[in-house]
Amino acid sequence: MIPDFHPGVKKIMRGHTAIITGGGRGIGRAIAESLAGRGVNIAVVDVNLDIAKEAAEALGKMGVKSIALKADVSNSSDTAAIFENAVKEFGKVEILVNNAGITRDGLLLRMKEEDWDAVLNINLKGTFLCSKEAVKVMSKQRYGRIINIASVVAFMGNPGQANYSASKAGIVGLTKTVAKEYASRGITANAVAPGFITTAMTDALPENVKQEMFKAIPMGKFGTVEDVANSVVFFALPESGYITGQVIHVNGGMYM
Ligand code: NAP
């Protein structure tokens, strides 16, 4: 069920186009479904073309246009191709959701340089590259919504996640800078910082880590992918145009 955020909302997003990185599964897929539910056409971007295709096919059944694009967001030729293909298919791009992300956990002393690089390249550089392509298209349109998926650990830190927390804190700084640079072009840049959300990424954590996390959540439950998607939809609305450089925390009270 997709909530209506305000009874006075009139300008629905029907016919808008969204690019969602890492949209094949998990939080990205839920974001794709929530936006499609509001009539938004979707370009599902993923390194894994099979799951991107499967997601795009399911979105098509919801009555919107949808394409699957294979891309590694840390590769600048790939990110340029994403936008080229999306514009060719849809003619415009109103919404970019930088959602693709990975973890390569380990305590600082044991963390391999390659694990630092992989996480920073996909999470932070990927967000930079896609945002750079997005502002080219959105500046011409004088309209855009860039929504970056950060994390609660950007604000709290987390043992074993030096690379991941640094990448997500970097995303918050990047979001605020893009917000300031492109405010005059009608482009907003905001971030959603999820806490502990049940997905494949968190399913892979050891049981004792999950139990510790659970104890830190005042609401006494893990979040759902829909909880995150709802905040993304809020930032994507035309009505949210006076909100930029902000972070919505979706964490059950874990950090406030
Ligand atoms: P997920 O289930 O692992 O999904 C991530 C998606 O991104 C996968 O489809 C993955 O493809 C894709 N991807 C990975 N590397 C990519 C690359 N280089 N280029 C393009 N796509 C790539 O993760 P999730 O839990 O949904 O997380 C989504 C976002 O939310 C991430 O940015 C994550 O850091 C953030 N987040 C999650 C939580 C949580 O509790 N789950 C909390 C805070 C923040 P493959 O299928 O090939 O892996």
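Quick summary incoming for the structure in this document.

## Some words on the sheet that holds strand E6 (residues 187-194)
Taken in spatial order, the 7 strands make up an open sheet running E3-E2-E1-E4-E5-E6-E7, and their pairing is parallel. Strands with a single pairing partner mark the edges of an open sheet, and in this sheet they are strand E3 (66-70) and strand E7 (247-250). Across the sheet, the mean angle from the axis of one strand to that of its neighbour is 15°, orientation sign disregarded. Both strand E2 (residues 41-46) and E3 contribute to a ladder of 5 bridges, which runs parallel. Counted as the bridge partner of Asp46 is Lys70 from E3. Helix-sheet contacts for helix H3 (residues 76-90) involve strand E1 (17-21), E2, E3 and strand E4 (95-98), and the interaxial angle to E3 is about 160°.

## Topic: the nonpolar core
A general trend in soluble globular proteins is that nonpolar side chains are found buried together. Counting 32 residues, the largest nonpolar core has Ile31, Leu35, Ile42 and Ile95 as its most contacted members. When contributions to this core are tallied by element, the ones reaching two or more residues are E1, helix H1 (26-36), E2, helix H2 (49-60), E4, strand E5 (144-149) and helix H9 (225-236). Here this core gets 7 residues from one element, more than from any other, and that element is H9. Excluding residues that lie within four positions of it along the chain, Ile42 makes contacts with Ala18, Ile20, Ala32, Leu35, Ala36, Leu59, Lys65, Ser66, Ile67 and Phe90. Counting 26 residues, the second largest nonpolar core, distinct from the first, contains Ala86, Phe90, Leu96 and Ala179.

## A short note on the site of the ligand
For the ligand, the set of nearby residues contains 28 residues, the closest of which are Asp46, Asn99, Tyr164, Ile197 and Thr199. Ala71 has a polar backbone atom sitting 3.4 Å from a nitrogen atom of the ligand. Contacts to the ligand include Val73, whose backbone N or O atom sits 3.1 Å from a nitrogen atom. Calculation on the ligand without its partners gives an accessible area of 890 Å², and the protein chains cover 91% of this total. Among the elements of the structure, H1, helix H6 (162-182) and helix H7 (200-203) are those that each provide at least two residues to the shell around the ligand. Residues that form the shell around the ligand fall into these classes: 15 nonpolar, 9 polar and 4 charged.

What counts, and at which threshold
Residues numbered from 1 in each chain as written. Predicted model: local features only at pLDDT ≥ 70, side-chain atom pairs only at ≥ 80, totals over all residues. Heavy atoms only, no water. Pairing = 2+ DSSP bridges. Helix = DSSP H or I, 4+ residues; strand = E, 2+ residues; numbered from the N terminus. Axes fitted to C-alpha atoms, helices over the stretch in contact; angles between N-to-C directions. Contact = heavy atoms within 4.5 Å. Core = buried A, V, L, I, M, F, W, Y, C linked by side-chain atoms within 4.5 Å. Buried < 20%, exposed > 50% of the residue type's maximum accessible area, 1.4 Å probe, protein only. Near = heavy atom within 4 Å. Polar contact = N/O pair within 3.5 Å; in protein donor to acceptor, adjacent residues only side chain to side chain. Areas by Shrake-Rupley, 256 points an atom, 1.4 Å probe, with all protein chains shown as cover. Nonpolar A, V, L, I, M, F, W, Y, C, P; charged D, E, K, R; others polar.

Fair warning: the whole summary comes from geometry, so function is off the table for now.
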